Amino acid sequence: MHNHHNALRVATELQPAAPVTLVRPDAALDAARFFASAFPGKSFYAVKANPSPHLIETLWEGGIRHFDVASIAEVRLVRGLLPQAVLAFMHPVKAEEAIAEAYHVHGVRIFSLDTHEELAKIVRSCATDGVPAADLTLCVRLKVSSGYSKLSLASKFGIGVADAPALLLAARQAADALGICFHVGSQAMSPAAYADALAFVRAAIVEAGVTVDVIDVGGGFPSRYPGMEPPSLETYFAVIERAYESLPISYSAELWCEPGRALSADYASVLVRVEKRRGEELYINDGAYGSLFDAAHVEWRYPVKLVRADASQAEPMDFAFYGPTCDDMDHMKGPFELPADVKAGDYIEIGQLGAYGQAMRTGFNGFTNGDTVIVTDAPMASLIPMGGEAVVPANVVPLGVAARV
Ligand SMILES: *Cc1c(COP(=O)(O)O)cnc(C)c1O
């Protein structure tokens, strides 16, 4: 990968006709160091947010030693890059072949589950010559509310509090270490999400009367986007630690988390070119089938910046984007705020696409990704403290969308 100073240098020097991914290893290092030092437990990077090998290695360099993987391909990827990493296979519905390969070939010992059937599958797949494995950490996934989050994860996985005690007791029999995990939904806008979920955890532990060794609060830690201004991550950590310490669990218990977005959002932005302007609509060369899936399908807003050598003097106005494919659904409503004189041929940097941007790109209609280059300037927005102060871009407007703590 080549090094450039910033988006403007890339636009000037390469004049790229395809979208260029701009990666910021320093931002990923900051995020990794922050979680490794400030979270009061172990941080597992949720690989699905961005499986880039360069990012995974950078997070390792920043002190992340644990990885949350959800498919056998992610298990193989991380194990191939990092022989020493601890992997947790946290998809509650796995293929038996995937469990067996993860356990017997790649040394995975941590698995999640939310049914008795999955428990039986794990026990069967990890046995050797009919002898059950004695070194499993089994995490029962509880269903919790996604009420504070921008993207719900509440309907697909998780066992309800009423049914959890029986599954916890059964998993306890098969496990060396027993854990409870949950996911409050992605981009949780208030730490109260974790406090509420941990109240469910407490109820399940008391009802089951089991010894629990691991509390895994999952992902959901936010990043900063236009119109979404969460409290500091330290506030989340403090609320989690307080609730965790009041749980009836063993003295040697561990606290874990699985940040995806918070560890990867700042890592990448995308440099796109405007191919056409129609009033307030800009036709750009990346879109819903590229790195802007969430912008199209859940109307996610990303920070944007016009990339021109001579800064525009025009007033800002709101734009919507069309992506490059022939599909009407390749539309990003925004609004994205840019100077009123944006025109065809201009370049725009779209920020915070390190999480769930590159990861969801397809090759539909022949529009694939262009180059990936390293840039050395600061990310367009960040919730990660850098030198004490988080970066707030000019076009991120705090709207007070969630309860502040
Ligand atoms: C997606 C996912 C994560 C990461 O979620 P973020 O909101 O990106 O932090 C963590 N754990 C599990 C089980 C997931 O499915």
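Residues numbered from 1 in each chain as written. Predicted model: local features only at pLDDT ≥ 70, side-chain atom pairs only at ≥ 80, totals over all residues. Heavy atoms only, no water.

Remarks on the environment of A296
Thinking step 1. In this structure, A296 sits in helix α11 (residues 293-297).
Thinking step 2. On a C-alpha basis, the gap between A296 and V373 in space is 25 Å, while along the polypeptide they are 77 residues apart.
Thinking step 3. If we skip the residues at most four places from it in the chain, A296 touches A288, M329, H331 and M332. (Helix = DSSP H or I, 4+ residues; strand = E, 2+ residues; numbered from the N terminus. Contact = heavy atoms within 4.5 Å.)

Some remarks on the domain arrangement of the protein chain
Thinking step 1. For the protein chain, the assigned domains are domain 1 (3-22 + 267-375) and domain 2 (40-258).
Thinking step 2. Using only C-alpha atoms to locate each centre, domain 1 and domain 2 end up separated by 34 Å.
Thinking step 3. Taken together, the contact pairs 13 residues of domain 1 with 17 residues of domain 2.
Thinking step 4. Counting the contacts that link domain 1 with domain 2 gives zero salt bridges.
Thinking step 5. Between domain 1 and domain 2 we count four residue pairs in polar contact (both at pLDDT 80 or more) in total. (Domains from an automatic or database assignment. Salt bridge = Lys/Arg side-chain N within 4 Å of Asp/Glu carboxyl O. Polar contact = N/O pair within 3.5 Å; in protein donor to acceptor, adjacent residues only side chain to side chain.)

Comments concerning the nonpolar core
Thinking step 1. Among the nonpolar cores identified, the biggest contains 110 residues, and F35, F111, I215, V217 and F221 are the most heavily contacted of them.
Thinking step 2. When residues of this core are assigned to their parent elements, the largest contribution, eight residues, is made by helix α8 (residues 192-208).
Thinking step 3. The residues that make up this core include at least three from each of domain 1 (3-22 + 267-375) and domain 2 (40-258).
Thinking step 4. By size, the runner-up hydrophobic cluster in this structure holds 10 residues, among which are V20, L271, V373 and V375. (Core = buried A, V, L, I, M, F, W, Y, C linked by side-chain atoms within 4.5 Å. Buried < 20%, exposed > 50% of the residue type's maximum accessible area, 1.4 Å probe, protein only.)

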